[in-house]
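Here is how the chains run, residue by residue.
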Amino acid sequence: MTFLELKDLRIHFPSDDGLVKSVDGLSFRLERGKTLGIVGESGSGKSVTSLGILGLHKGGRAKISGEIWLDGEELVSASAEHVRTLRGKKMAMIFQDPLSAMHPFYTVGAQIMEAYRIHHDVSKKVARKHAIEMLDRVGIPQPDRRVDSHPHEFSGGMRQRAMIAMALSCDPELLIADEPTTALDVTVQAQILDLMRDLQRDFNAALIIITHDLGVVAELSDDILVMYAGKAIEYGTAEDIFERPEHPYTWGLLGSMPRLDRERTERLLPIKGSPPSLINVPSGCAFHPRCVYADRTGGRSTSDVPELLESEGGHLVRCHLSRDVRRAVWENEIKPNLEAS
Amino acid sequence: MVTYIIRRIIGAVLMLAVVSMVTFAIFFVVPRAAGATADDFAARYVGKSATEETVGNLADRLGFNDPVVVQYGRWVKGIVAGAEYDTGAGVENCPAPCFGYSFISHQPVWNDLLDRLPVTVSLASGAAVIWVLAGVATGVLSALRKGSVFDRAAMGIALAGVSLPVFFTGIVSLVIFSYGMGITAPGGSFTPITENPAEWAYNMILPWITLAFLYAAGYARLTRAGMLETMGEDYIRTARAKGLPERTVITKHGLRAALTPIVTIFGLDFGLLLGGAVLTESTFSLNGVGKFAITAILKNDLPQIMGVTMLTAFFVVAANLIVDLLYAVVDPRVRLA
């Protein structure tokens, strides 16, 4: 049985301007001990997806449909109270900016203890000992002293470590990290990614990393899901995505990724245009207004919504271009450009 | 932390010193600049029938011919260390804090103030409990049900509470509850809590509610705004992600942060009220510090006016000091400041 499986998940928010389709028919699966990277621009629905799994998408107004199976339990139809008891214990989340994500008035230790004590009936003393252990585990020096510090007394990297300690305090089986390194210095980013990799191996948790940075998922992910306008547009193993990407949007992401091995004179290749509105999603393929290859689809890109179809061996692509055309473009036009530099 | 406390205490004392100088200047320096003589000051202490010679002697004895600085020093010394007055028939001792004697009753100002204080303290603290509880609870519920019927009704009533003056709401409630239904005291009576707590509460309940209505309205609006802001913070999402029950998320994480500005406002409001809830005390004929101030002003009883001014200043400064110290406890980030 798959540990985590999403089937046709949709999360729509009614707004004054119309229905915001933040997540629109998303499916994926993830096993224990594996890592899935969800990549996309701001507003592609990646964060809403993760909040939806935890049942934290904004309360009564959001309309959620589809299925979320976690270890044999379906969460969309489960009661809010039941999902709450799973939150923090079975599934936990690491947030982007640890300064704003931790309460400024409580000590780091108190916040870790709080997470532990909701799900474990233990004394404050035991919880405190556990909090110190967790801080030690994530590499915070002098944890028995730092446990009484407030978040503002920590550096950015330390705060993110503390945040990870908090998320891991109940030994969750599913860990979702939403842009875990975005708010950190580059030097600290690598340390945090290393830490997460080590911890995941030790805890054997399923890990979802949400990011706009392909470099981050390249480090950690087994599988990668590329999202655009609330839909998966490419889904495959890390090797599929980095070695044989087939979607023009993924090519764009790869082209806009800064790389040290590139010539300094070489310019990045940004994707032109900006992410679409989630209320008036472009007709046909949502990416067509920004797609350089839209004219090679014979007009279908503006009229038909492409299906997410298997290209080869579990590698799924949502594109009107034929597989042969996609591969030819990648091999002859994109790859040489990325490598030549 | 200790330096922080010491610095705030020094600041509070300095603030009181400045207030005392300004008060003294208003009543003794400004009139002199406008042409009043030492005899004019002394004349206020004796009857209209006094001869010029009597007035002149008194001006000498009370020191109105001394330099202003010396007079100010003597006044402050009286407050801090007490003063002795030569009445002619012997030396009368006025223990600290000595604000002098009333022109009218010839009693020490401080004793009169002390008599009035229990009324004002009872009024202010009882009302404070009600308005904080009612205001904060209403604000929280309104914020959590933003846009609901409850929210709109509560905010409408709150607007009325802020806008309606106490002498209107007080009289209307007296008419309805005391004279109409007869379930509350008709005002004008006060029983110390030490004598009969039940009667104390019975006499004070209507003034409490009237005064609390005025303040609860503001606190409800403030709490609502604060809650709406904090409940959208990232750390609230974190608290939910931990699996905390919603009630804990709201109280421990949301309200805790939303309450900090309210603590500040509360210190100011409460300190000011201890210096006399003038309108409420007048409306309900309560002999508190506020009514004392009004009477003193109407009768031009200078020592009383200065006494009540200093007392009010003291309460406001003290309340602020306590709030500042509390703030460092409530918000750990303040400690370094």
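- Chain B is annotated in an unreviewed UniProt entry as ABC transporter permease of Microtetraspora fusca.
- As its UniProt record puts it under Sequence similarities (unreviewed entry), chain B is described as follows: "Belongs to the binding-protein-dependent transport system permease family."
- Its UniProt record gives chain B a comment under Subcellular location (unreviewed entry), which states: "Cell membrane".

- With an unreviewed UniProt entry as reference, chain A is termed ABC transporter ATP-binding protein, source organism Microtetraspora fusca.
- One UniProt comment on chain A, placed under Subcellular location (unreviewed entry), says "Cell membrane".
- Regarding chain A, the relevant UniProt record gives this comment under Sequence similarities (unreviewed entry): "Belongs to the ABC transporter superfamily."

### Quick word on the overall build of chain A
- Secondary structure assignment for chain A yields 13 helices and 12 strands.
- At 21 Å, chain A has a C-alpha radius of gyration in line with the 20 Å of a compact globule built from 341 residues.
- Counting every position in chain A, which comprises 341 residues, the buried fraction comes to 46%.
- Contacts spanning at least 24 positions in sequence make up 65% of the contacts within chain A whose residues lie at least 6 apart.

### Considering the overall build of chain B
- Looking only at helices and strands, chain B features 13 helices and 2 strands.
- By principal-axis analysis of the C-alpha atoms, chain B measures approximately 85 × 55 × 40 Å.
- In chain B, which comprises 337 residues, the share counted as buried stands at 36%.
- Relative to all contacts within chain B whose residues are 6 or more apart in sequence, the contacts with residues 24 or more apart total 65%.

### A short note on helix H8 (residues 197-230) of chain B
- The end-to-end C-alpha separation of H8(B) is 40 Å, well short of the 50 Å expected for 34 residues at 1.5 Å each.
- The sharpest bend along H8(B) comes to roughly 45 degrees, located at Met204(B), with the proline Pro207(B) sitting one to four residues further on.

### Things to note about the domain arrangement of chain A
- When its domains are assigned, chain A resolves into domain 1 (102-171) and domain 2 (243-340).
- On a C-alpha basis, the centres of domain 1 of chain A and domain 2 of chain A stand 43 Å from each other.

### Observations concerning the sheet that holds strand E1 (residues 4-15) of chain A
Residue and element names in this part refer to chain A.
- The sheet built from 4 strands is open, its strands ordered E2-E1-E4-E5 with antiparallel pairing. The two strands at the open ends of the sheet, each matched to only one other strand, are strand E2 (18-30) and strand E5 (73-74).
- As defined by bridge partners, E1 adjoins strand E4 (residues 63-70) across 7 bridges and the pair is classed as antiparallel. Within E4, the position partnered with Arg10 by the bridge is Ser65.
- Sitting on the sheet, helix H1 (residues 46-54) touches E1, E2 and E4, and the angle it makes with E2 is about 70 degrees.

### Concerning helix H5 (residues 124-137) of chain A
Residues and elements named next belong to chain A.
- Spanning 14 residues, H5 covers 19 Å between terminal C-alpha atoms, matching the ideal 20 Å at 1.5 Å per step.
- Considered for burial, the residues of H5 that qualify are Ala127, Arg128, His130, Ala131, Ile132, Met134 and Leu135.
- For H5, the secondary structure elements touched by its buried residues are helix H4 (108-119), helix H6 (143-146) and helix H7 (156-168).
- Of the residues trailing H5, Gly139 is marked for its positive phi of about 85 degrees.

### Brief notes about the sheet that holds strand E7 (residues 174-178) of chain A
Residue and element names in this part refer to chain A.
- Read across the sheet, 8 strands follow the order E6-E7-E8-E3-E9-E10-E12-E11 without closing on themselves; strand pairing throughout is mixed. The open sheet terminates on both sides in strands that have one partner only, identified here as strand E6 (91-94) and strand E11 (308-312). Here the average twist between neighbouring strands, direction ignored, is 20 degrees.
- Where strand E10 (residues 231-237) lies against strand E12 (residues 315-318), 2 bridges are found, and the strand directions are antiparallel.

### What to know about the packing of helix H6 (residues 149-163) of chain B against H8(B)
Residue and element names in this part refer to chain B.
- Look at H6 against H8: their axes get within 8 Å of each other, and the N-to-C directions meet at 130 degrees. With respect to each other, H6 and H8 are oriented oblique. Judged by the sense of rotation from one axis to the other, the crossing of H6 with H8 is left-handed. Each of Ala154, Ala158, Gly161 and Val162 in H6 lies in contact with H8, whose residues at this interface are Phe213, Leu214, Ala216, Ala217, Gly218, Ala220 and Arg221.
- Of the residues belonging to the contact of H6 with H8, the class tally is 8 nonpolar, 2 polar and 1 charged.

### A short note on the UniProt feature "transmembrane region" (unreviewed entry) in chain B
Residue and element names in this part refer to chain B.
- Cross-referencing UniProt, the feature "transmembrane region" (unreviewed entry) maps to residues 9-30, 123-144, 156-180, 200-222, 257-279 and 305-330 in the present numbering.
- Span residues 200-222 is 100% helix and 0% strand, its end C-alpha atoms 31 Å apart.
- Along residues 305-330, the helical share is 100% and the strand share 0%, with 37 Å between the first and last C-alpha atoms.

### Some words on the pairing of E7(A)
All names here are of chain A.
- Buried residues dominate E7, accounting for 5 of its 5 residues.
- The two faces of E7 match: Leu174, Ile176 and Asp178 on one face and Leu175 and Ala177 on the other face are all buried.
- Summarising the sheet, E6 and E7 pair through 4 bridges and their orientation is parallel. Following the sheet pairing, Met93 is matched in E7 by Ile176.
- Pairing analysis gives 5 bridges linking E7 to strand E8 (residues 206-211), with the strands arranged parallel. Bridged to Asp178 within E8 is Ile210.
- Since E7 and E8 lie parallel, the crossover through helix H8 (residues 186-203) that links them has a hand, and here it is right-handed.

### Here we look at the environment of Asp194(A)
- Mapped onto the fold, Asp194(A) is located in helix H8.
- With 25 residues separating them along the chain, Asp194(A) and Glu219(A) place their C-alpha atoms 8.8 Å apart.

### Here we look at the environment of Lys299(B)
All names here are of chain B.
- Looking at the element boundaries, Lys299 is found in the loop between helix H12 (289-298) and helix H13 (302-330).
- What makes Lys299 partly exposed here is the crowd of 14 C-beta atoms within 10 Å.
- Spatially, the C-alpha atoms of Lys299 and Phe103 are 9.0 Å apart, while their sequence positions differ by 196 residues.

### A word on the UniProt feature "domain: ABC transmembrane type-1" (unreviewed entry) in chain B
- Mapped onto this numbering, the UniProt entry annotates "domain: ABC transmembrane type-1" (unreviewed entry) at residues 117-327 of chain B.
- Between the first and last C-alpha atoms of residues 117-327 of chain B the distance is 27 Å; the span itself is 81% helix and 0% strand.

### Here we look at the interface of chain A and chain B
- Counting residues at the interface gives 23 residues for chain A, matched by 17 residues for chain B.
- Sorting elements by how many residues they give to the side of chain A that touches chain B places H4(A) first, with 4 residues.
- Each residue belonging to the side of chain A that touches chain B can be placed in one class, and the counts come to 11 nonpolar, 7 polar and 5 charged.

### Re the packing of helix H1 (residues 2-33) of chain B against helix H4 (residues 68-81) of chain B
Residues and elements named next belong to chain B.
- Look at H1 against H4: their axes get within 11 Å of each other, and the N-to-C directions meet at 125 degrees. For the element pair H1 / H4, the angle class is oblique. Handedness of the H1/H4 crossing: right-handed. On the side of H1, the interface is formed by Ser20, Phe24, Phe28 and Val29, while H4 contributes Val68, Gln71, Tyr72, Trp75 and Val76.

Thresholds, definitions, all that
Residues numbered from 1 in each chain as written. Chains lettered and ligands numbered in written order. Predicted model: local features only at pLDDT ≥ 70, side-chain atom pairs only at ≥ 80, totals over all residues. UniProt positions renumbered as here; feature names shortened; annotations may be inferred. Helix = DSSP H or I, 4+ residues; strand = E, 2+ residues; numbered from the N terminus. Rg over C-alpha atoms; globule rule 2.2 N^0.38 Å. Buried ≥ 20, exposed ≤ 12 C-beta atoms within 10 Å, placed from the backbone. Contact = placed C-beta atoms within 7 Å. Expected span 1.5 Å × (residues − 1). Bend = angle between axes of the 7 residues up to and from the residue. Domains from an automatic or database assignment. Pairing = 2+ DSSP bridges. Axes fitted to C-alpha atoms, helices over the stretch in contact; angles between N-to-C directions. Parallel < 35°, antiparallel > 145°, perpendicular 65-115°, else oblique. Left-handed = near helix turned anticlockwise from the far one by under 90°. Nonpolar A, V, L, I, M, F, W, Y, C, P; charged D, E, K, R; others polar. Right-handed = clockwise from strand over helix to strand, strands pointing away.

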